[in-house]
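Working through the structure, step by step
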Amino acid sequence: MPLPPPPSAEGGPQTVKRVSFFFEDETGLTFLCVCLIHQVLRHEEFEEGCKASCNGPYDGKWSKTMVGYGPEDNHFVAELTYNYGIGDYRLGNDFLGITLVSGQAVSNAKKLGWPLNEVATGIFETEAPGGYKFYLEDKEQLKQDPVLKVTLGVSDLQKSINYWSNLLGMKIYEKDEEKQRVLLGYADNQCKLELKNVGGAVDHGTAFGRIAFSCAKEELPNIEALMKKENQKILTPLVSLDTPGKATVQVIILADPDGHEICFVGDEAFRDLSKVDPNGDKLLDDAMAADKSDKWFAEKKMKKASA
């Protein structure tokens, strides 16, 4: 039995974030905030690894910074993860890019001398530090949310459609058999999920991306029960996650047929946790200024570990 299709953008699951941006320094933030004109929504520091592997399979101190074009409640946002002891990550072919509509972002990139490659008329490909791809449509920025879609690689398109649409209840907006792609979503006015066949196995590298959706808290046990019934992989059974000084949220982490990690989080507590923090910029600046990890490793004549 699949998840019931949402009656509206407010009533059903909502695209929340893509946790795939693992950066080793502040250049990634500079690209997103200055070039793509994202704003810092909140910043949080943690002394030990997340029990739901939010920072990947790494122990030790880490941080996350949420950036986007508006509040997490009604915008797609990116979670930037920084593991203090990790120096670099290897990307795979699992995350294929984010597409957004913003002529201002194109203009900013040109002014900053950021490399742009026009892959179609008015559509430019660019890379954030670390190799993450962005596709910028040179048009007037959409008022609601400029982020159109997140694209993931899959090895078997039909198997992925069965999982994401038939089991998770996403609506099919477009399907192109020739190009081996499908566009899915939970509502017309939300960021969409695009799946593309990569023509082979999906390699997740070591950056451990994750896409997340919010839903009513009472739906979480139903999702868990459905996945068990259908013999689908559950990476993290229903669990409560604490954030110092903020709301405790309930989440369940799944994996699709290609191992893409999918988080469903209880919406009620998430709305409280994800409120825009007016001190987010300062907390981030203070954390970066206080980060002496590079200096410590240099003094010890050591290098940070490669993921």
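Residues numbered from 1 in each chain as written. Predicted model: local features only at pLDDT ≥ 70, side-chain atom pairs only at ≥ 80, totals over all residues. Heavy atoms only, no water.

1. A few points about empty space enclosed by the protein
Left-over empty space is what a probe sized like a water molecule reveals as it rolls over the atoms. Considering all chains together, one arrives at three cavities of 30 Å³ or more under this definition. Volume-wise, the largest cavity comes out at about 60 Å³. Lining the largest cavity are 12 residues, and of these H38, F76, A78, I98 and F134 sit closest to its centre. Looking at the lining of the largest cavity, the elements that each hand over two or more residues are β3 (62-68), β4 (77-83) and β6 (95-101). Residue composition of the lining of the largest cavity, by class: 10 nonpolar, two polar and no charged. (1 Å grid on protein atoms, 1.4 Å probe; cavity = no way out; pocket = protein on both sides within 12 Å on 5 of 7 lines; lining within 4 Å. Points joined across faces, edges and corners; volume = space filled by probe spheres on them. Helix = DSSP H or I, 4+ residues; strand = E, 2+ residues; numbered from the N terminus. Nonpolar A, V, L, I, M, F, W, Y, C, P; charged D, E, K, R; others polar.)

2. Thoughts on the sheet that holds β6
The mixed open sheet is built from eight strands, whose spatial order is β7-β8-β9-β6-β10-β13-β12-β11. Each having just a single partner strand, β7 (117-120) and β11 (171-176) make up the two edges of the open sheet. With strand direction ignored, the average angle separating the axes of adjacent strands in the sheet is 25 degrees. With five bridges joining them, strand β8 (residues 123-127) and strand β9 (residues 133-137) adopt antiparallel strand pairing. Note that in β9 the partner of E125 across the bridge is Y135. Here helix α2 (residues 103-112) sits on the sheet in contact with β6, β8 and β9, set at roughly 115 degrees to β9. (Pairing = 2+ DSSP bridges. Axes fitted to C-alpha atoms, helices over the stretch in contact; angles between N-to-C directions. Contact = heavy atoms within 4.5 Å.)

3. Regarding the packing of aromatic side chains
In this structure the tally under the stated criterion is eight aromatic pairs. Pairing F213 with F264 gives two aromatic rings, centres 5.5 Å apart and planes at 25 degrees, and the pair type is stacked. Of this pair, F213 sits in strand β14 (residues 210-215) while F264 sits in strand β17 (residues 261-266); the two residues are 51 residues apart in sequence, bridging distant segments of the chain. Here the two residues F213 and F264 agree in accessibility, since each one is buried. Cluster of aromatic residues (ring-pair linked, three or more members): Y163, W164, Y186, F213 and F264. Across the ring face of Y84, the terminal group of K61 is positioned such that the distance to the ring centre comes to 4.8 Å. The ring of Y173 has K192 lying over it, and the distance from NZ or CZ to the ring centre is 4.8 Å. (Phe/Tyr/Trp six-rings, centres within 6.5 Å; stacked < 30°, edge-to-face > 60°. Buried < 20%, exposed > 50% of the residue type's maximum accessible area, 1.4 Å probe, protein only. Lys NZ or Arg CZ within 6 Å of the ring centre and 35° of its normal.)

4. With respect to the pairing of β4
The buried fraction of β4 amounts to seven of the seven residues, a majority that puts the element mostly inside the structure. Side chains V77, E79, T81 and N83 of β4 all project onto a buried face; the interleaved residues A78, L80 and Y82 project onto the opposite face, where all are buried too. In this sheet, β4 lies alongside β3 in antiparallel orientation, the contact comprising seven bridges. By the bridge assignment, S63 is partnered in β4 with Y82.

5. Digging into the pattern of salt bridges
Counted according to the given criterion, the structure contains 17 salt bridges. Ionic pairing is found between E44 and R42, a salt bridge with its closest N-O pair at 2.6 Å. Just as E44 is buried, R42 falls in that class too. Here E127 and K133 are joined by a salt bridge, their closest N and O atoms 3.0 Å apart. Here E127 falls in the partly exposed class, since its relative accessible area comes to 38%. (Salt bridge = Lys/Arg side-chain N within 4 Å of Asp/Glu carboxyl O.)

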